[in-house]
Every structure is written in structure tokens, then in C-alpha cells.
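# Structural overview
Residues per chain are reported as follows:
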Amino acid sequence: MIPACLLEGLRTRYAEPQRHYHDWAHVETLLEYFRRREDQFHRPEPVLWALYWHDAVYDPLAQDNEEQSAQLLERDAAGHLTPEDAAFAAMMIRATADHVVPPGLNTQDTADLGLFLDLDLSILGAPAPVYDRYERAIRAEMAAVPADAFRAARGAILKGLLSRERLYFTPRAHREWEDTARANLERAIAVLEQGP
């Protein structure tokens, strides 16, 4: 159970003015997916904490948002989660930096992290109008970046995702979202390459 005072602090963070996608609505969307799949997680409590805290620190121009969010969770979770669960939740947040499941985890933690990362990338497999709103929101968050630099950087990120053999780790997410996600990425890349 996450204390109300911590949730209130998170709501304040997710309401910061620079957020257009990484806001409380994003958290609520992931919570909805989490609730539908909660019985599939072996350790649902640290997953839930990771879900709430994974974008708690968000500076669009920073390179260490995931690390800062993980450290915030570690501080906030002290006395509320076991040290093992807090460490796992923080590790899940750190894994959102590159959306890769690190080696060396046990089978259950590997499965939980894979599903958590799939939920975080669920937007890629959204219907085209929803995905296109997401791309516009990301551009709004990066408004300080000049157009050419944004197109180059964003294009590199999207091409990197598209080059993966699989975008999603779990069979269900792969089945439900993979084809749509690839179509969305291809379309977004084409828009970026067309320029203004």
C-alpha cells in the first residue's frame, strides 16, 4: 500500500508544466493495464511502486531522469517496502532508460520486468490517432530543442526501436501491439524525415 502523502507528492510532480505526455494521465493509463494484468506479476507490489515513480523526475533535456526517479523511489520507499522490493522497483525504473531486461535476474523477476517494460511501451502499439497525439506531446515537451536537432534525435530513437527484433517481451504484448507499433514507428519516422 502506497501512503497517501507519497501519492500526493507524486501528483504534484506529474503536474509540472513541462509535461505533456509524462504526466498523471500516463500513470493512470499504465495503472489500468497493470490492474488488468496484476495476476501475471510474481511481485506486484514493487511493480506498482515502479509504475508510480518511473517518470517522477522528468526534465525533458536531462539525461538522467530514470536514475533520479529511481533514487527518489529508494528514498520514498524506505520503511514502506522491504529493501529487496525497493531495490527491484528501482531497478525496473532504471531499466526504462533503454528498455532492456538485464541478464542475471531470476526467471520470475525477468518476467515481471519484461511485462513492466511492455506496459511502459504500450503507447507504441496504440491506435494511430492516439500514437500521433503522443508524438505531438513529446515534441511539446522538447519545445526548447530546435526543429532540426529534434528531428535527428527523435528519428534516431525511433529507428533504434524499429531495428529491434522484438519491441515487446511478453507473448501477449507482442501479439496485441507489435504490428501496430511498427506501423506507428515507420509512419513517425517518415513524418520526421519530411521535415517541417
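Structure shown above.
Residues numbered from 1 in each chain as written. Predicted model: local features only at pLDDT ≥ 70, side-chain atom pairs only at ≥ 80, totals over all residues. Heavy atoms only, no water.

When you go through the chain residue by residue, the secondary structure sums to nine helices and zero strands. A compact globule built from 196 residues should have a C-alpha radius of gyration of about 16 Å, and the chain, at 17 Å, falls within 12% of that. With respect to the principal axes defined by its C-alpha atoms, the chain has extents near 50 × 35 × 30 Å. Scored against the burial criterion, the 196 residues of the chain give a buried share of 47%. Contacts spanning at least 24 positions in sequence make up 65% of the contacts within the chain whose residues lie at least 6 apart. Summed over its atoms, the accessible surface of the chain is roughly 9900 Å², and 55% of this surface lies on carbon and sulfur atoms. In the chain, 21 side chains carry a positive charge and 32 a negative one; their mean positions are 5 Å apart. (Helix = DSSP H or I, 4+ residues; strand = E, 2+ residues; numbered from the N terminus. Rg over C-alpha atoms; globule rule 2.2 N^0.38 Å. Buried < 20%, exposed > 50% of the residue type's maximum accessible area, 1.4 Å probe, protein only. Contact = heavy atoms within 4.5 Å. Areas by Shrake-Rupley, 256 points an atom, 1.4 Å probe, with all protein chains shown as cover. Lys, Arg positive; Asp, Glu negative; His and termini not counted. Charge placed at Lys NZ, Arg CZ, Asp CG, Glu CD.)

The next point concerns the environment of Ala 126. In this structure, Ala 126 sits in the loop between helix H6 (107-120) and helix H7 (128-141). The class for Ala 126 is buried, based on a relative accessible area of 10%. Sequence separation of Ala 126 and Ala 143 is 17 residues, and the distance between their C-alpha atoms is 23 Å. Once you skip the residues sitting within four places of it in the chain, Ala 126 turns out to touch Tyr 131, Thr 180 and Asn 184.

Our next topic: the packing of helix H5 (residues 83-95) against H6. Close contact between H5 and H6 brings their axes to 10 Å; oriented N to C, the two are set at 45°. Accordingly, the angle class assigned to the pair H5 and H6 is oblique. Judged by the sense of rotation from one axis to the other, the crossing of H5 with H6 is right-handed. Between H5 and H6, the residues in contact are Phe 88, Met 91, Met 92 and Ala 95 and Asp 109, Asp 112, Leu 113, Phe 116 and Leu 117, respectively. (Axes fitted to C-alpha atoms, helices over the stretch in contact; angles between N-to-C directions. Parallel < 35°, antiparallel > 145°, perpendicular 65-115°, else oblique. Left-handed = near helix turned anticlockwise from the far one by under 90°.)

Another point: the nonpolar core. Of all hydrophobic cores here, the largest spans 60 residues; its most connected members are Trp 49, Trp 53 and Leu 124. Tallying contributions element by element places H5 first for this core, with eight residues. Excluding anything up to four places from it in sequence, Trp 53 contacts Ile 2, Leu 6, Leu 10, Tyr 14, Ser 69, Leu 72, Leu 73, Asp 76 and Ile 93. (Core = buried A, V, L, I, M, F, W, Y, C linked by side-chain atoms within 4.5 Å.)

Another point: the packing of aromatic side chains. With the rule as written, the count across this model stands at eight aromatic pairs. A centroid spacing of 5.3 Å and a plane angle of 75° characterise the contact between Tyr 33 and Trp 177, whose relative ring orientation is edge-to-face. In this pair, Tyr 33 is assigned in helix H2 (residues 24-37) and Trp 177 in helix H9 (residues 171-194), connecting sequence segments 144 residues apart. Ring pairs connect the aromatic residues Tyr 14, Trp 24 and Tyr 52, which therefore count as one cluster. Over the aromatic face of Phe 150 sits the side chain of Arg 139, whose NZ or CZ is 4.4 Å from the ring centroid. (Phe/Tyr/Trp six-rings, centres within 6.5 Å; stacked < 30°, edge-to-face > 60°. Lys NZ or Arg CZ within 6 Å of the ring centre and 35° of its normal.)

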